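The residues making up each chain are set out below.
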Amino acid sequence: EAQVTQNPRYLITVTGKKLTVTCSQNMNHEYMSWYRQDPGLGLRQIYYSMNVEVTDKGDVPEGYKVSRKEKRNFPLILESPSPNQTSLYFCASSPSVGDATNEKLFFGSGTQLSVL
Amino acid sequence: AQKITQTQPGMFVQEKEAVTLDCTYDTSDQSYGLFWYKQPSSGEMIFLIYQGSYDEQNATEGRYSLNFQKARKSANLVISASQLGDSAMYFCAMRESDKLIFGTGTRLQVFP
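Residues numbered from 1 in each chain as written. Chains lettered and ligands numbered in written order. Predicted model: local features only at pLDDT ≥ 70, side-chain atom pairs only at ≥ 80, totals over all residues. Heavy atoms only, no water.

Peer 1: Explanation requested: the overall build of chain A in the structure shown.
Peer 2: Regarding its fold elements, chain A presents zero helices and eleven strands. On C-alpha atoms alone, chain A measures out to a radius of gyration of 13 Å, which is about the 13 Å that the 2.2 N^0.38 rule sets for 116 residues. Counting only C-alpha atoms and orienting by the principal axes, one finds that chain A spans roughly 40 × 30 × 25 Å. Taken over 116 residues, chain A has a buried fraction of 50%. Considering only residue pairs separated by 6 or more positions, chain A has 55% of its internal contacts joining residues 24 or more positions apart. Surface accessibility of chain A: about 5,400 Å² in total, with carbon and sulfur atoms responsible for 50%. Each charge sign in chain A was given a centre, from 12 positive and 11 negative side chains, and these centres are 7 Å apart. (Helix = DSSP H or I, 4+ residues; strand = E, 2+ residues; numbered from the N terminus. Rg over C-alpha atoms; globule rule 2.2 N^0.38 Å. Buried < 20%, exposed > 50% of the residue type's maximum accessible area, 1.4 Å probe, protein only. Contact = heavy atoms within 4.5 Å. Areas by Shrake-Rupley, 256 points an atom, 1.4 Å probe, with all protein chains shown as cover. Lys, Arg positive; Asp, Glu negative; His and termini not counted. Charge placed at Lys NZ, Arg CZ, Asp CG, Glu CD.)

Given below as structure tokens:
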């Protein structure tokens, strides 16, 4: 089954304790992206990647890192989480980039992160 | 800068009635795509419908249609014959090459 898999689904941690949220897609998509969703703010892009070893900042990259060593995986790393990073996080992918404005994003099921 | 605006934080509609969810956008590009996603209470993001900037006809997908008015930069979602299962958060989004940006969403509540 074609899908984007995020883990974990729920995560509670404490301030400053490094964590990684994994994301994997099995559709051979070139484009992958991370979003955070907060009430009243919709979904905001954190980082995106157009291919292996190519990553770019989105609108809210502060406090996050990503890597794209393999095409299928795009982990989100919080080196020193803070309470303002408590949010619902989504990983998403699409086949390609550039002029493909018709390509929809396929979303993972989300990770609810709470930083105490 | 590109921007998506959804001015209705919440909407109510009676079952079997039609409802329109508003979306306006701002872009200087000629080529772009407009999307609507549904997010039920379970949290997943479900793709509903797509409209390309060069498409002359409004997109339709079952009970969903997109009222695309390019000159007014609006891309409203119309849901016909609402069902209780349509109760959810709805997001409008716009794609320009490598970026897909979202509006703040509209929470739709369908009542019997």
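There is more to say, and it comes next.
Peer 1: Just checking my understanding: could you explain the pattern of salt bridges for this structure?
Peer 2: Between side chains of opposite charge, a pair can form when the charged atoms approach closely. All names here are of chain A. Throughout the structure, instances matching the rule amount to six salt bridges over all chains. With a closest N to O distance of 2.8 Å, Arg 36 and Asp 38 form a salt bridge. Accessibility expressed as a relative area gives 8% for Arg 36, which makes it buried. Given the relative accessible area of 10%, Asp 38 is considered buried. Within this structure, Lys 18, Lys 65 and Glu 79 form a network of salt bridges that share partners. (Salt bridge = Lys/Arg side-chain N within 4 Å of Asp/Glu carboxyl O.)

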